[in-house]
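Coordinate inspection notes
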Amino acid sequence: MDLEPPAVDIEPIDIRLRAYLAGRLKAGPKPKQPEPLGPVLTFDCETRTDTSQRLRFGAYRLDEGAIRTEGGTLLDEGLFYDEGALSKTELELLRTYADEHGLPLLPFEDFTEEILFKRCYDLSGTIVGFNLPFDLSRLALSVSPSRSTSKDENGKKDRTFDRRFKGGFTFTLSRDRNRPNLRIRHVDRRRAFIQFHREYGSGYPGYFVDVKTLAAALLTGASSLGSVAKLLKTETQKSVAEAHGAPLTTKYIDYARNDVHCTWECYQALLDRLAQHELSDLRPMDVFSEASIGKAYLRAMGIKPWRQTENVFSPELIGVIMSSYYGGRTEVRIRRDVREVIYADFLSMYPTVNTLQGLWRFLIADETKVDDSETATEWARSFLSTATPEKLLCQDEWRNLTALVQVKPSDDLLPVRAAFGKSKATNIGLNYLTSKEPLWFTLADCVASKLLTNKTPEVVKAIRFAPGAPQGSLKTKSILGIESGRIDPPKDDFFKRLIELRQEVKSARDQASGADYDRLNTEQDTLKIIANSTSYGHLIEMNPEDLEMRANKKLFGFMGQAQEIQSGIVETPGEYFHPLLATLITGAARLMLALAERKALDEGLIWSFCDTDGLALAKPSDVDRAEFHARVGRVLDWFVPLNPYAGQAGKSILQFENENFSASVKGQLEPLYCYAVSAKRYALFNIKDGKAIIRKASAHGLGFWRAPFEAPPGAIDTGTPYWQSELWRLICQAALEGRDSDGFSLFNDDRFHSIAAGQTTISKWEFFKWFDRFNEGRAYRNGVQPFNFLLRFPSKRRSEIDESASEFASWCERHAGEPNLIAPYDRDSTKASAFVFHRDDGKGGAHMGGDYSHWLTTLADTLSDYDIHAEAKFRNGDGLNSGELHRRRVEVRRVLQVGKESHEWEENEALGLKADAEIQFGQALPSPEVMQAAVREALLEGRLTSNELSRRAGVSKTTVSAVRNSTNLVSSKSLEKMLAALLE
């Protein structure tokens, strides 16, 4: 592989840098929240299966409140119903069932008032469910948007209103105006903010625990009620329902009650799991993710957040730090070519680079020392010029990486965030970068460039960081009550000790059996969650919040100065937000991958793909398997001196992954093959009798689609849904047989010929408004309601539609795009397709006298180009191109400043929303000197004549002449106009 930049023209490109939108940086200590003292209400709703998903009936149980004690006494159990959604026969069946089982049966409005409000909310009780937003919204009488401001009793604006709920829903649950409304704002697929709220006056927000959210934070590999119950081994397991929406039966009522009992038992078991952490200030209703647990551990150790202790980090410095932040490196280097590989990954990458850099010292420090002197700059130049892989084998050298470096890139191999090639979506690539304007990177990224190019980046300035003295509030904390898991923050590196403790527990587990094995396996899994949740994510936590209207804000970015912008969004830092540590962690992780790449190159190896903490090293065609294994072994062994963990002497931090070993013979290596398409789109497989056997497959780009078929009995679990593994098997088999240029046989597999459909949830007010036309004339409870889950159908391409081409074209012309086709949820997408309607006007469906099934396409058609998805960050990474990819050579044209990227890009893209989903803050303006030089260069090169530039930019010819002849420095405003004209 060539270490020199490619001998091709440089591409001008707009890069995107993270920026800091000044807001509430300082934060006081988190106040201790009161414990809920009242009963626990657990309930579940059964609904219609039409577009309304209106409540039919539900079941509930009321138990003694017991979030810190075992058990709890059952106080009441019953049923409730919506008379308007049941036939007389069904209602009579419910009454008979309730009488026979001694259960109260309440109209749903009575259930809301008598049980939910009087016997739970009024007594400071807790409301529990699985996927609570859906069940709570079934009880609503009406809905309105949640606003970012409210009014007090005198009608004045109440500035204390929680703007976290902007864009969410406010539900009316009661006809009694004294009862609070309920506000819900969807955060992501696992979380939502929920609280009671009064329009006027005060009232407490209530206590809500979504078992789905709590389980996601405390467990791994469980997302449904059935999978959670199975993993927790509750006495009551989720039962199998009869067909949903069918006429009501006694068995179906049993099923609904069983769901409630199962949810309650899962809740109790999860409380036990939470109690093992011994985190007295962490209530179950405060657990939103693994990070909630991680932050609670930091509070338990008395660690004050950086935002409470720092005074030296100005907004200007924070902007510089944020501009150096990039996420994990993920790339495909050998595309659409079957290669034998060995797949290796780094042991606990983020905790490991935390430990090597000594970042725990920063987290517990009472201040961070900043050195931006010329001495620091000279030191950085010297460090970079002498950087070698061997130098970095010394663990102490990693503590020198706590620095940021401003460089003037000139064909340096550095991270670039941009929309590459023809792609509209933003990617982060490692590209040969040139920029007239100096840019900031971590020292680790600059070292990686030096190692991979043998060229030292030109350093303009450097800032070194060092921890101050430990905080005086620190205290010891035991992890999971394990005797050897006691952490003394000033003496113990928390990240290091967690990994050591997990390795100890795993070793003990492997020697155990039965109940001891299960207990130790749970412990090691929990330790993994703690390590992952404390070592990175919360340090870069930014919570975007919508403003009621756009406002003037100050934005700080890579130039270290304020820029006035108008924004309709603010970004509020999380409790333990520490952008310096976040950028140092990810930079060091990218350096680890660069070291692996460098050592692989030294052994004559390249890689098929890399993904944040691992890479698949590829066997050269002219090397036999024994020699390949020997070379890979030398690459892995090279990292042995960098293992910082006690009890790991002689073990490398770069290790074989399980996929390299036989699935049937423990410890035996088996030839592993890779077929990769683009970042996060790859499969690893074995070959037996010429057939591909999937071992690991990416689900990237597939998660939105409904499964077209289920796994047969005895199917191998690859960790990926069965249908997705089968998709990859077909792709890999086609590649093995040389058919990958002609498609991968989805069209010859009947299983993929069902109608393509993806599940979507009405999770935001803007989504709900899409159905205004459909809901027009319908009572609220009979229309599409918030949090309904529906199916969305892609349409055929216009060229594929024959008999209705004119109708289809007319639709596209009227609505400026292809139709958004929706249907009520059904596991069988083909059955649901008969009820498809247009989201925008509510028309369609056989039940409405229309039929649009001929506009729909199959999953085979939809995924027919899945295996040619572009790896856009490389020059030859698109279409049918295969083999080794070549890095782009790019030059910065403009710097666009952005905020947090979307967490739900896949769902947004499927909904027809913007794929480029970062928060956009606009262009960063270069210095006047740089702008004038750029305009002068364009004039001298003849890209525009002086007259054309004057006309397009709306500036005088005298001004243009002053720029061309460098007679004087022109105003920034005129230069901005001329730059914009040049970029048109």
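To be clear, the structure that these remarks concern was listed above.
The structure reproduced in this document is the subject of the present report. Note that the structure is predicted; figures quoted are calculated from it, not measured. (Residues numbered from 1 in each chain as written. Predicted model: local features only at pLDDT ≥ 70, side-chain atom pairs only at ≥ 80, totals over all residues. Heavy atoms only, no water.)

**Quick word on the overall build of the chain**
Applied cut-off: Secondary structure is summarised from DSSP: a helix means a run of H or I of at least four residues, a strand means a run of E of at least two, and numbering begins at the N terminus for each. The criterion used for residue contact is that any of the two residues' heavy atoms lie within 4.5 Å. Calculation of accessible area relied on Shrake-Rupley with a 1.4 Å probe; when residues are assessed, cover is drawn exclusively from the protein chains displayed.
Secondary structure summary: the chain contains 28 helices and 40 strands in total. Counting contacts in the chain only where the partners sit at least 6 residues apart, residues at least 24 apart contribute 72% of the total. Total accessible area on the chain stands at roughly 40500 Å², and carbon and sulfur atoms take up 47% of it.

**Here's the deal with the environment of T386**
For clarity, the threshold we go by: Any pair of N or O atoms that falls within 3.5 Å is considered a polar contact. Within protein, one atom must be able to donate a hydrogen and the other to accept it, and sequence-neighbouring residues count only if both atoms are side-chain atoms.
Structurally, T386 can be placed in the loop between α12 (374-385) and β19 (403-407). Excluding its chain neighbours within four sequence positions, the residues that come into contact with T386 are K391 and K450. Among the polar contacts made by the side chain of T386, one reaches the main-chain carbonyl oxygen of F383 at a distance of 3.3 Å.

**Overview of the pairing of β19**
Here is the rule we go by: Working definition: with a 1.4 Å probe on protein chains only, accessible area under 20% of the residue-type maximum means buried, over 50% means exposed, and in between means partly exposed. Strands are labelled as partners when DSSP assigns at least two bridges between them.
Burial of β19 is extensive: five of the five residues sit out of reach of the surface. Every second residue of β19 is oriented toward a common face, with A403, V405 and V407 on one face and L404 and Q406 on the other, all of them buried. Two strands pair when backbone bridges link them, and β19 and strand β23 (residues 459-467) are joined in this way by five bridges, in the antiparallel orientation. Across the sheet, L404 pairs through a bridge with I463, a residue of β23. Examined bridge by bridge, β19 and strand β22 (residues 439-442) share four bridges and lie antiparallel to one another. In the sheet register, V407 faces β22, and the bridge partner there is L439.

**Some details on the packing of aromatic side chains**
Just so we agree on the cut-off: Aromatic rings from Phe, Tyr and Trp, with only the six-membered ring used for Trp, were paired whenever their centres fell within 6.5 Å, and each pair was classed as stacked if the ring planes differed by under 30 degrees, edge-to-face if by over 60, and tilted otherwise.
Going through the model one piece at a time under the given rule, you end up with 47 aromatic pairs. For the pair F313 and F465, a centre-to-centre distance of 6.0 Å together with 50° between the ring planes defines the contact as tilted. In this pair, F313 sits in the loop between α8 (306-309) and α9 (315-323) while F465 sits in strand β23, placing the two residues 152 residues apart along the sequence. For F313, a relative accessible area of 6% translates into the label buried. Here F465 falls in the buried class, since its relative accessible area comes to 4%. Taking 4.7 Å as the distance between ring centres and 45° as the angle between the ring planes, the aromatic pair formed by Y350 and Y536 counts as tilted. You can see Y350 sitting in helix α10 (residues 349-357) and its partner Y536 sitting in the loop between α15 (514-534) and β26 (542-556), a full 186 residues away along the chain.

**Side note on the pattern of salt bridges**
A side chain of one charge can pair with a side chain of the opposite charge when the charged atoms of the two come close. Spelled out, the test is: Whenever a carboxyl oxygen of Asp or Glu lies within 4 Å of a side-chain nitrogen of Lys or Arg, that contact is scored as a salt bridge.
Counted by the stated rule, this structure contains 57 salt bridges. Across the pair D14 and R893 runs a salt bridge whose closest N-O atoms are separated by 3.0 Å. Here R893 lies in strand β39 (residues 889-898) and D14 lies in strand β1 (residues 11-18), a separation of 879 residues in the sequence. Residue R893 is classed as partly exposed on the basis of its relative accessible area of 44%. Of the charged contacts, one joins R119 and D76 as a salt bridge, the two residues approaching to 2.9 Å between their closest N and O atoms. Placement of the pair is R119 in the loop between α2 (108-118) and β7 (126-129) and D76 in strand β5 (residues 74-81), with a sequence separation of 43 residues. Judged by its relative accessible area of 31%, R119 is partly exposed. Assessed through its relative accessible area of 17%, D76 is described here as buried. A single network of salt bridges, built from pairs that share partners, joins R329, E331, R333, E597 and R887.

**Thoughts on unusual backbone geometry**
Positive phi, close to 50°, is recorded for R336, a residue that is not glycine. Accessibility expressed as a relative area gives 3% for R336, which makes it buried. Within the chain, K680 stands out as a residue other than glycine whose phi angle is a positive 65°. Here K680 lies in the loop between β31 (672-678) and β32 (681-688).

**Examining the packing of helix α1 (residues 88-101) against helix α6 (residues 250-276)**
For clarity, the cut-off: Think of each axis as a best-fit line through the C-alpha atoms, taken over the contacting stretch in the case of a helix, with angles from 0 to 180 degrees between the N-to-C directions. Angles are sorted into four bins: roughly parallel if under 35 degrees, roughly antiparallel if over 145, roughly perpendicular if 65 to 115, and oblique for all others. What makes a crossing left-handed is the near helix being turned counterclockwise from the far one by less than a right angle; a clockwise turn instead makes it right-handed. Under the scheme applied, nonpolar residues are Ala, Val, Leu, Ile, Met, Phe, Trp, Tyr, Cys and Pro; charged residues are Asp, Glu, Lys and Arg; polar residues are all the others, including Gly.
Between α1 and α6, the least distance of the axes is 10 Å, while the angle of their chain directions is 60°. By the criterion of interaxial angle, the relationship of α1 to α6 is oblique. The way α1 lies across α6 gives a crossing that is right-handed. Here L93, L94, Y97 and H101 of α1 come into contact with α6, specifically with T250, I253, D254 and R257. Taken together, the residues of the contact of α1 with α6 break down into four nonpolar, two polar and two charged.

**Looking at the sheet that holds strand β36 (residues 821-824)**
If you walk across this open sheet you meet the four strands as β34-β35-β36-β37, and the pairing is antiparallel. Since the sheet does not close on itself, it has two edges, and those belong to β34 (758-761) and β37 (837-838), each with one partner.

**Here's the deal with helix α25 (residues 928-940)**
Going by this rule: To estimate the expected span of a helix, count its residues, drop one, and scale the result by 1.5 Å.
When the terminal C-alpha atoms of α25 are compared, their 18 Å separation across 13 residues agrees well with the 18 Å that a helix rising 1.5 Å per residue should span. Buried residues along α25 sit against α26 (946-953), α27 (957-965) and α28 (972-982). Downstream of α25 by one or two residues, G942 has phi in the positive range, about 80°.

**Here's the deal with the side chain of K873**
How we decide: Charge counting follows a simple rule: Lys and Arg are positive, Asp and Glu are negative, and His as well as the terminal groups are ignored.
Relative to the helices and strands, K873 resides in the loop between α23 (859-862) and β38 (883-884). Here K873 occupies a buried position and makes no salt bridge, while the nearest side chain of opposite charge, E871, is found at 4.4 Å. Within the local environment of K873, its side chain forms a polar contact with the backbone oxygen of T330, the two atoms lying 2.8 Å apart. The residues touching K873, leaving out its near neighbours within four places in the chain, are T330, E331, F420, N427, I428, G429, N431, A679 and R888.

**Considerations on the nonpolar core**
Rule in force here: Residues enter a nonpolar core if they are buried and are Ala, Val, Leu, Ile, Met, Phe, Trp, Tyr or Cys, with the set joined through side-chain atoms within 4.5 Å.
Within the largest apolar cluster, 148 residues are counted, with the highest numbers of intra-cluster contacts made by W398, V447, I479, F494, L591, M592 and F639. If you tally residues by element for this core, the top one is helix α16 (residues 579-602), at 14 residues. In contact with F639, other than residues within four places in its own chain, are F346, M592, L595, A596, S652, I653 and L654. By size, the runner-up hydrophobic cluster in this structure holds 43 residues, among which are F111, Y121, I127 and F837.

**Remarks on the side chain of T720**
Counting through the fold element by element, T720 comes out in the loop between β33 (691-697) and α18 (722-736). A polar side-chain atom of T720 sits 2.8 Å from the main-chain carbonyl oxygen of A697. For T720, the contacting residues outside a window of four places in its chain are A697, A699 and S725.

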